[in-house]
Amino acid sequence: MSDPSAGTIVLWIVILALVIFVVVALFKMVQVVPQATAQVIERLGRYSKTFEPGLHWLVPFIDKVRAKVDLREQVVSFPPQPVITSDNLVVSIDTVIYFQVTEPKSAVYEIANYITGIEQLTVTTLRNVVGSMDLEQTLTSRDQINGQLRGVLDEATGRWGVRVNRVELKSIDPPQSVQGAMEQQMRAERDRRATILTAEGVKQSQILTAEGEKQSQILRAEGDAQAQILTAEGEARAILQVFDAIHTGDADPKLLAYQYLQMLPQIANGTASKLWVVPTEFTAALGSIAQGFGGVPGTPGIPTPPSGEDEAEDEGAAAQRARSSMLGSPALTDPGEALAEARRQAEAATADATSAGTRSGAPFDPSETRGQRPSGAGPTPPATSPEPRTLGGEPDEPEAPQQ
C-alpha cells in the first residue's frame, strides 16, 4: 500500500515541476519593449539582435537581454571644472550636455560607460578651447566655445552610437579678486559715460541758450529799427504837414514877429543863461509890429511896402499856388501798413529761431545758417544804413518879396 502512494506523490511532484517550468519558459519567451527604449539581445553570450518597442519572443534559457537602452534625449550637468586661460587666470566653468543614443548596440559594446566618456571628453576639450583665449574672450565668446565643444564631442561620440545635440556653458566664474577689479572697471566706465552725457547736456543747453539770446537780440534790433523808422516817418509827416500848413496859410511878418516875442522867454529861461542871443531878424520883426500898429514907413526898422498892393497880392497868390503844386501829397508809407509789415517780419524771425534751436545739436552746416536770418532772405547782406525816405518833391526856395 505504501509503494503505490509514494509513486503517486513523486508523479505529482514531477507534473508540478513541469508546469512551473512551462510557466517560467512562457514568461521568458514573451518580452514587451516600452516606447523610446531598445533592448540588446545575446544568444549564448553573443550579440543576436536589438528589440525595438513592441512585443517580442525569446528562446527560453538561450536568449538573454544584455542591456536596456533609453533612446530619449538626455541632459547631464557636469560639476564645475577649473580651466586656465591664456592670461594665466583660473576660471571655473560649469557645462551642460544634451545627447541622445542613436545606436544601442554601439552604446553597449563600443564603450563601457558613455556618460563618463562624454564627461571626460568635455573637460579635456573645454580646457583646450578656453586655454587659447584670455578672460575677456572667454566671457564674451560663449557661442564660439559651445560650437567648438559640440563639434569635437559629436565627432568623438559618433562611433559610440551617441549624438551630442547641444553643449551649454552654464556658468563661468572668475576668481574673487578679478571679480572685484571687473566691478571697479565697470563702475569707472559707467561714471565716464555719465560724465560724457552730462557734458553733452550742458553743451546742448548752452548752445540753445546762446541761440535764443542771439535770436532775441536780432528780433529786438529789428523791432528797434522798425520803431525808429516809424518814429522818423511820423516826425517827417508832422514836419511836412506843418510846412504845408505854413505855406498854405501864408503867414505874414506880423505873425512871425509875434512868434519871436513868444520864444524870447524860453530863450532867457535857465539859471546859466548870462547872454541873450537876439536873432538878426528881430529888428525887422519889431519894424513889422510897429508898422502894424500904425508906424510910419521909412523909419529905421520899418519896411517900406511895395508900390502896387494889388500886384503884390497877385504875386503872393501865384507863389502860394506854385508851392502847393510842388509839395503835392506826402509820399510817406501809412503807419498801419508799416506796423503790420514789422509784425510779419518778427513772426518769420521767431519761426526761424525755433527751427535753428532745434537743429543746434547737429554738426555745423553752412546751409543751416539760414535759420539765423528772417524767412525768405537770401545770403546775409552787409549791414548798411537805411536810405533816407523821400518826403516828396523838394519845394523851391520861396522868392524874397520885392522891396
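Note that the coordinates shown come from a computational prediction; the quantities given were computed from them, not determined experimentally.

A few words now on the overall build of the protein chain. Scanning the protein chain from N- to C-terminus turns up 10 helices and nine strands. A total of 403 residues make up the protein chain; the buried ones form 23% of that total. If you take every contact in the protein chain between residues at least 6 apart in sequence, the share linking residues at least 24 apart comes to 64%. Element-wise, carbon and sulfur atoms account for 59% of the exposed surface of the protein chain, whose accessible area totals about 27,500 Å².

With that out of the way, let us pick up the packing of aromatic side chains. Counted under the stated rule, the structure contains three aromatic pairs. With centroids separated by 5.5 Å and ring planes inclined at 5°, the aromatic side chains of Phe 21 and Phe 61 adopt a geometry described as stacked. Of the two residues, Phe 21 is situated in helix α1 (residues 2-29) and Phe 61 in the loop between β4 (54-57) and β5 (63-70); the sequence distance between them amounts to 40 residues. The exposure class assigned to Phe 21 is partly exposed, which follows from its relative accessible area of 46%. When its relative accessible area of 52% is taken as the criterion, Phe 61 is described as exposed. Both rings, one in Phe 99 and one in Tyr 114, keep their centres 6.0 Å apart while their planes meet at 75°; by these two values the pair is edge-to-face.

With respect to topology, three strands assemble into an open sheet ordered β3-β2-β5, the strand pairing being antiparallel. Single-partner strands in this sheet number two, and they are β3 (46-51) and β5. Within the sheet, the average angular offset between the axes of one strand and its neighbour, ignoring direction, is 25°. Bridge analysis of strand β2 (residues 37-43) against β3 gives five bridges, and the strand direction is antiparallel. Its bridge partner being in β3, Glu 42 is matched across the sheet by Tyr 47.

As a further point, take the side chain of Gln 39. For Gln 39, the location among the structural elements is in strand β2. In terms of polar contacts, Gln 39 uses its side chain to reach the side chain of Gln 31, at 3.3 Å. Here Gln 39 is in contact with Gln 31, Val 32, Val 33, Lys 49, Thr 50, Phe 51, Val 65, Ala 67 and Lys 68, once residues within four sequence places are set aside.

Turning our attention to unusual backbone geometry. The backbone of Ala 36 shows a phi angle near 60°, a positive value even though the residue is not glycine. Along the chain, Ala 36 turns up in the loop between β1 (30-33) and β2. A positive phi angle is found at Phe 61, which is not glycine, with a value near 65°.

One can find Val 75 in strand β6 (residues 74-77). As for Val 75 and Ile 97, which are separated by 22 residues in sequence, their C-alpha atoms are 5.8 Å apart. Apart from the residues lying within four places of it in its own chain, the contact partners of Val 75 are Val 96, Ile 97 and Tyr 98.

One finds Ile 93, Ile 97, Leu 126 and Ile 145 to be the most contacted residues of the largest nonpolar core, which totals 32 residues. The element that contributes the greatest number of residues to this core is helix α3 (residues 114-131), accounting for six residues. Once you skip the residues sitting within four places of it in the chain, Ile 93 turns out to touch Pro 79, Pro 80, Gln 81, Val 83, Leu 126, Val 130, Leu 169, Ser 171 and Ile 172.

Turning our attention to α3. Here α3 spans 25 Å end to end across 18 residues, near enough to the 26 Å set by a 1.5 Å rise per residue. Inspection of α3 places Tyr 114, Gly 117, Ile 118, Leu 121, Thr 122, Val 123, Thr 125, Leu 126, Val 129 and Val 130 among the buried residues, and these make up the whole buried set. At the N-terminal boundary of α3, the capping side chain belongs to Asn 113, with an oxygen 3.2 Å from the backbone nitrogen of Ile 115.

Attention now goes to the confidence of the model for the protein chain. Overall, the predicted model of the protein chain reaches an average pLDDT of 75, with 66% of residues at or above 70. Mean pLDDT in the protein chain bottoms out at helix α9 (residues 309-327), which sits at 52, and peaks at β2, which reaches 91. Every residue in residues 305-309 is under pLDDT 50, and counting partners more than four places away or in other chains gives four contacts. Contacts from residues 325-332, a stretch scored under 50 in pLDDT, to residues over four places away or in other chains number 12 contacts.

What counts, and at which threshold
- Residues numbered from 1 in each chain as written.
- Predicted model: local features only at pLDDT ≥ 70, side-chain atom pairs only at ≥ 80, totals over all residues.
- Heavy atoms only, no water.
- Helix = DSSP H or I, 4+ residues; strand = E, 2+ residues; numbered from the N terminus.
- Buried < 20%, exposed > 50% of the residue type's maximum accessible area, 1.4 Å probe, protein only.
- Contact = heavy atoms within 4.5 Å.
- Areas by Shrake-Rupley, 256 points an atom, 1.4 Å probe, with all protein chains shown as cover.
- Phe/Tyr/Trp six-rings, centres within 6.5 Å; stacked < 30°, edge-to-face > 60°.
- Pairing = 2+ DSSP bridges.
- Axes fitted to C-alpha atoms, helices over the stretch in contact; angles between N-to-C directions.
- Polar contact = N/O pair within 3.5 Å; in protein donor to acceptor, adjacent residues only side chain to side chain.
- Core = buried A, V, L, I, M, F, W, Y, C linked by side-chain atoms within 4.5 Å.
- Expected span 1.5 Å × (residues − 1).
- pLDDT = per-residue confidence, 0-100.

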